[in-house]
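# Geometric and topological summary
What follows is the residue order along each chain.
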Amino acid sequence: MTEDLRNIILGVIAAGLSASLGWVARTYLWRRKLRRKQSFFGLPENSESLLVVNRDAGGPDLAVKRHDVFALLELSALIKDCGASVQVVAHDAAQQGFGERTEFCVGGPTSNRRTALHLQSQLPGVRIDQDAEPPADRTAFHIGTEVYRMEKGVTEYVLLARLTADLGQSARPVFLFCGQRAITNQAASRYLARNHERLHRKHGRASFVLLLKVVNSQAYGPDVVELVADVTRTAKSPAPTESRRGAHRAG
């Protein structure tokens, strides 16, 4: 065997080994990223999840607003990426226990009865007065002593929550997308899709409740979202008897 031929063979072997090691490394990183995603969403391979569909608050029970449909599509893509399956169920037909399957609950308490129950049992520090007067106050979020009122198309709020029950590692989380309008539900689902890795690094598998602000949706749709505050502690604490009637608007 000549020196040139030996060098060619060694070069081919080295290139093959380099390509194999690169493929192994990429596969390992991809699998680790997938496992972290599955852990955060509580969706191991071939597991089952639940999409709880709300209704149009001003229409018949089976009507779903366009932006809520978009939110459901965003969430369906996340579930598919984790290798899990999904069952779509109406808000007034979901009767599973807390932590049995990962649950994605879309819509505020006016359009989603399941959300109203979760707020009542898990987030006593959050109040949305659906019978308030004037009507503009019916979508306002009361979180502790703070009040967040909507200015339609300009400043709108949505709660994005990951809730877990104290049932051990096998318990599945419940994700809430509780917005003042349907477009804010879509904004929250998109925020979750884009930021789930950062949220996992910060919160792990623990519960969290984030207050998000959707800015100028009449111009930018659901794309411009700001994190107002992590309100986990306040939302999970009993509400005070007297709440300060402050209004928060975009500056």
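So, here's what we can say about the structure. (Residues numbered from 1 in each chain as written. Predicted model: local features only at pLDDT ≥ 70, side-chain atom pairs only at ≥ 80, totals over all residues. Heavy atoms only, no water.)

### A closer look at the sheet that holds strand S8 (residues 174–179)
- Read from one edge of the open sheet, 7 strands run S2-S1-S3-S8-S7-S9-S10, paired in mixed fashion. Each end of this open sheet is capped by a strand with a single partner; those strands are strand S2 (85–90) and strand S10 (225–230). Across this sheet, the average inter-strand angle for adjacent strands is 20 degrees, counted without regard to direction.
- Here strand S3 (residues 102–106) runs beside S8; their pairing, made up of 4 bridges, is parallel. In the sheet register, Cys-105 faces S8, and the bridge partner there is Leu-176.
- The sheet strands contacting helix H3 (residues 113–122) are strand S1 (48–53), S3, strand S7 (155–163) and S8, and the helix crosses S8 at an angle near 110 degrees. (Pairing = 2+ DSSP bridges. Helix = DSSP H or I, 4+ residues; strand = E, 2+ residues; numbered from the N terminus. Axes fitted to C-alpha atoms, helices over the stretch in contact; angles between N-to-C directions. Contact = heavy atoms within 4.5 Å.)

### Here's the deal with the nonpolar core
- Membership of the largest hydrophobic core comes to 27 residues, with the highest contact counts inside it found for Phe-41, Leu-75, Phe-104, Phe-177 and Leu-192.
- For this core, the secondary structure elements donating two or more residues are helix H1 (3–41), S1, helix H2 (66–81), S3, S7, S8, helix H4 (182–203) and strand S9 (208–215).
- Phe-104 has contacts with Phe-41, Leu-43, Ser-49, Leu-50, Leu-51, Val-52, Leu-75, Ile-79, Phe-175 and Phe-177, leaving out every residue within four places of it along the chain.
- Counting 23 residues, the second largest nonpolar core, distinct from the first, contains Val-52, Ala-94, Leu-176 and Cys-178. (Core = buried A, V, L, I, M, F, W, Y, C linked by side-chain atoms within 4.5 Å. Buried < 20%, exposed > 50% of the residue type's maximum accessible area, 1.4 Å probe, protein only.)

### Things to note about the packing of aromatic side chains
- Evaluated as defined, the whole model comprises 7 aromatic pairs.
- Three or more aromatic residues link up through ring pairs in this structure, and these residues are Phe-40, Phe-41, Phe-104, Phe-175 and Phe-208.
- Just above the ring of Phe-40 sits the side chain of Arg-162; from NZ or CZ to the centre is 5.3 Å. (Phe/Tyr/Trp six-rings, centres within 6.5 Å; stacked < 30°, edge-to-face > 60°. Lys NZ or Arg CZ within 6 Å of the ring centre and 35° of its normal.)

### Details of H4
- Look at H4: only 26 Å from first C-alpha to last across 22 residues, short of the 32 Å you get at 1.5 Å a residue.
- In the structure, H4 departs most strongly from a straight axis at Asn-195, where the bend amounts to approximately 70 degrees.
- The positive-phi residue at the C-terminal boundary of H4 is Gly-204, with phi of around 60 degrees. (Expected span 1.5 Å × (residues − 1). Bend = angle between axes of the 7 residues up to and from the residue.)

### Focus on the environment of Thr-115
- Here Thr-115 shows up in helix H3.
- Along the primary structure Thr-115 and Phe-104 are separated by 11 residues, whereas in three dimensions their C-alpha atoms are 9.9 Å apart.
- Discounting residues that sit within four places of it in the chain, Thr-115 has contacts with Cys-105, Gly-107, Gly-108, Pro-109, Leu-176 and Cys-178.
- At 2.8 Å, the side chain of Thr-115 and the backbone oxygen of Gly-107 are in polar contact. (Polar contact = N/O pair within 3.5 Å; in protein donor to acceptor, adjacent residues only side chain to side chain.)

### Thoughts on a positive patch on the surface
- A cluster of like positive charges, contributed by Arg-31, Arg-32, Arg-35, Arg-36, Arg-198, Arg-201 and Lys-202, occupies part of the molecular surface.
- Where the positive patch is concerned, the elements lending two or more residues are H1 and H4.
- Ranked by the residues each element gives to the positive patch, the list is headed by H1, at 4 residues.
- Classification of Lys-202 by relative accessible area gives exposed; the value is 57%. (Patch = residues over 30% accessible without salt bridge, like charges linked within 9 Å, V, L, I, M, F, W, Y side chains within 5 Å. Areas by Shrake-Rupley, 256 points an atom, 1.4 Å probe, with all protein chains shown as cover. Salt bridge = Lys/Arg side-chain N within 4 Å of Asp/Glu carboxyl O. Lys, Arg positive; Asp, Glu negative; His and termini not counted. Charge placed at Lys NZ, Arg CZ, Asp CG, Glu CD.)

### Thoughts on the pattern of salt bridges
- Here the structure, examined in full by the defined rule, presents 9 salt bridges.
- Among the salt bridges present, the one from Arg-114 reaches Glu-103, with a minimum N-O distance of 2.9 Å. Of this pair, Arg-114 sits in helix H3 while Glu-103 sits in strand S3, placing them 11 residues apart in sequence.
- Accessibility expressed as a relative area gives 0% for Glu-103, which makes it buried.
- For Asp-223, the salt bridge goes to Arg-194, with nearest N and O atoms at 3.8 Å. Here Asp-223, found in the loop between helix H5 (217–220) and S10, pairs with Arg-194, found in helix H4; they are 29 residues apart in sequence, far enough to count as distant.
- Via salt bridges that share partners, Glu-74, Arg-190, Arg-194 and Asp-223 belong to a single interconnected network.

Nothing here speaks to function; it is geometry throughout.
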